[in-house]
Amino acid sequence: METTEIKENVHWIGAVDWNVRDFHGYSVWKGTTYNAYLVMDEKVALFDTVKKTSMAEFRKHLSQLIDPPKIDYIIVNHVEMDHSGCLPEIMELVKPEKLICSLMGKKALLDHFHREDWPYEVVKTGQSINLGKKTVEFIETRMLHWPDSMFSYIKEDGLLISSDAFGQHWATSQRFDDEVDGPELMAHAAKYYANILLLYSPLVQKLLTKVQELGLEINMIAPDHGLIWRTSPDKIIAAYDKWSKQEPLDKAVIIYDTMWHSTEQMARAIYDGLLIHGVNVKLMNLRVNHRSDVMTELLDAKAVIFGSPTLNNGILPRLADILAYIKGLKPKNKIGAAFGSFGWSGEAVGVLNKAMEDMKIEVIDPGVKVKNVPTEDQLKECYALGSKIGQAITSA
Ligand code: FEO
């Protein structure tokens, strides 16, 4: 993999991680990239570094373009270790004049690396530095998705270096949006939003407004993961606007696990009941669907229906996992219901209802419980539950 000039004298010098499959609970089935950028002007600036395990590739890229001590500034847009893991080694190599970051970035760098002696220069929204022909303006993006996060905007190029925002976890040999399959790119971007940024949706709305107010002319977005938006920066901005509004589609996601297939039979009957209303339904057995793929389907769904048999007076472990995960991401504007089989005590449906209430999902039915194996009549009850939810979705 070689470096890529993305704008005149602005180079992608990141690393492609083809082998990573888990990103603290998010399944990155197709790997990821850690993007870093080098701007070679009268002053030379490096934007972010990469994960420690990718140091060799990163250093090779850096050395192809410049003798590292000739770098003047290192800009840390985000301190999370996938972008700063190499920083201590790079600091030793480069010894930059300035290490530029937000105030929260400085605190995070101190908490991570405990180096009081680094040449920190704290910047705020609206501040800029001149590199020669190019000017870099900084925009703090607190909690998108860490307190330290910020954007760097090179106005002469209309280039927004956007840290984690607008990224995708997708390892590719291509660097630009127009070089890959468009629908697959948007699917990766949606998964990334659903699993990383969803809970910050109100802040995303504010940020998009702020970017408009600042009047930034953006003709390229270079995120810290995945493809660079060269041809369609407007498309990803519009998608973030849509996703952050959380306006649901006529769609339902049935999320379940099963012991002896009774709960699964119930899930299928609910599915049939939903279908007669023309609703897009995803039937997701947690044994074969990863939590982050479930979360992606939930992004634009109106209804979520949880199913679990009762185990030890509670729910199956995979349900507990997905409930904790969804709760943390705070999806909004959803209705829900629960179902499940049981042997003797039957607490699962109550546990699921309570979990949905805690997540502010509107539970529109007490749910269906079946002892051991469902009868034809009980499956009709499940079908009726599906139909009731379908009705609620399409009449909303
Ligand atoms: Fe890609 Fe928040 O790090």
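First, a word on scope: everything that follows refers to the structure included in this document. Source: prediction; values computed, not measured.

1. So, the pattern of salt bridges
Inspection of every chain in the model, using the stated rule, returns 19 salt bridges. Linking R115 and E92 is a salt bridge whose minimum nitrogen-to-oxygen distance equals 3.8 Å. On the criterion of sequence distance, the pair formed by R115 in the loop between α4 (103-113) and β11 (120-122) and E92 in helix α3 (residues 87-94) is long-range, its members being 23 residues apart. Taking the relative accessible area as the measure of exposure, R115 reaches 26% and is therefore partly exposed. Between R115 and D117 there is a salt bridge; the shortest N-O distance is 2.8 Å. Taking relative accessible area as the criterion, D117 reaches 54% and is therefore assigned exposed. When salt bridges with common partners are traced through the structure, they connect E92, K95, R115 and D117 into a single cluster.

2. Topic: the environment of W243
With respect to the helices, strands and loops of the structure, W243 is situated in helix α7 (residues 233-245). Residues W243 and Y193, 50 residues apart in the sequence, show an inter-C-alpha distance of 7.8 Å. Not counting chain neighbours up to four residues away, the residues in contact with W243 comprise M186, A189, A190, Y193, S201, I236 and L299.

3. What about the layout of surface pockets?
Each pocket or cavity is described by its volume, and for the largest pocket that value is around 300 Å³. If you list the elements that add at least two residues to the lining of the largest pocket, you get α8 (262-275) and β20 (335-342).

4. Regarding unusual backbone geometry
L144 connects to H145 through a cis peptide bond whose omega is 5°. For H145, the location among the structural elements is in the loop between β13 (135-140) and β14 (150-154). Backbone geometry places K95, a non-glycine residue, at a positive phi of 50°. Even without glycine at this site, N333 takes up a positive phi of about 60°.

5. With respect to helix α11 (residues 348-358)
All of the buried residues in α11 are A348, V349, L352, N353, A355 and M356. One face of α11 carries all of its buried residues, which in axial projection span an arc of 160°. Against the buried residues of α11 lie β19 (301-307), α10 (317-329), β20, β21 (362-363) and β22 (368-371). Positive phi appears at K360, one or two residues downstream of α11, with a value of about 65°.

6. With respect to the sheet that holds strand β7 (residues 37-40)
The strand order β1-β2-β7-β8-β9-β10-β11 describes an open sheet built from 7 strands, whose pairing is mixed. Unpaired on one side and paired on the other, β1 (4-7) and β11 mark the two borders of the sheet. With strand direction ignored, the average angle separating the axes of adjacent strands in the sheet is 25°. Pairing of strand β10 (residues 98-101) with β11 involves 3 bridges; the strand directions are parallel.

7. Re the packing of aromatic side chains
Following the criterion strictly, the structure yields 7 aromatic pairs and no others. Ring centres of F113 and W118 lie 5.8 Å apart, and the angle between their planes is 40°; this geometry places the pair in the tilted category. Considered together, F113 and W118 belong to a single accessibility category, that of buried residues. Between Y193 and Y240, the ring centres sit 5.0 Å apart and the planes meet at 80°, which makes this aromatic pair edge-to-face. Of this pair, Y193 sits in helix α5 (residues 182-197) while Y240 sits in helix α7, and the two are 47 residues apart along the sequence. A connected cluster of aromatic rings, assembled from ring pairs, spans F151, F166, Y193, Y240 and W243. For the cation-ring pair, R175 lies above W12, with the distance from its terminal atom to the ring centre recorded as 4.2 Å. Residue placement shows K369 over the ring face of F342; its charged tip is 5.8 Å from the ring centre.

How each quantity is defined
- Residues numbered from 1 in each chain as written.
- Predicted model: local features only at pLDDT ≥ 70, side-chain atom pairs only at ≥ 80, totals over all residues.
- Heavy atoms only, no water.
- Salt bridge = Lys/Arg side-chain N within 4 Å of Asp/Glu carboxyl O.
- Helix = DSSP H or I, 4+ residues; strand = E, 2+ residues; numbered from the N terminus.
- Buried < 20%, exposed > 50% of the residue type's maximum accessible area, 1.4 Å probe, protein only.
- Contact = heavy atoms within 4.5 Å.
- 1 Å grid on protein atoms, 1.4 Å probe; cavity = no way out; pocket = protein on both sides within 12 Å on 5 of 7 lines; lining within 4 Å.
- Points joined across faces, edges and corners; volume = space filled by probe spheres on them.
- Arc of directions from axis to C-beta.
- Pairing = 2+ DSSP bridges.
- Axes fitted to C-alpha atoms, helices over the stretch in contact; angles between N-to-C directions.
- Phe/Tyr/Trp six-rings, centres within 6.5 Å; stacked < 30°, edge-to-face > 60°.
- Lys NZ or Arg CZ within 6 Å of the ring centre and 35° of its normal.

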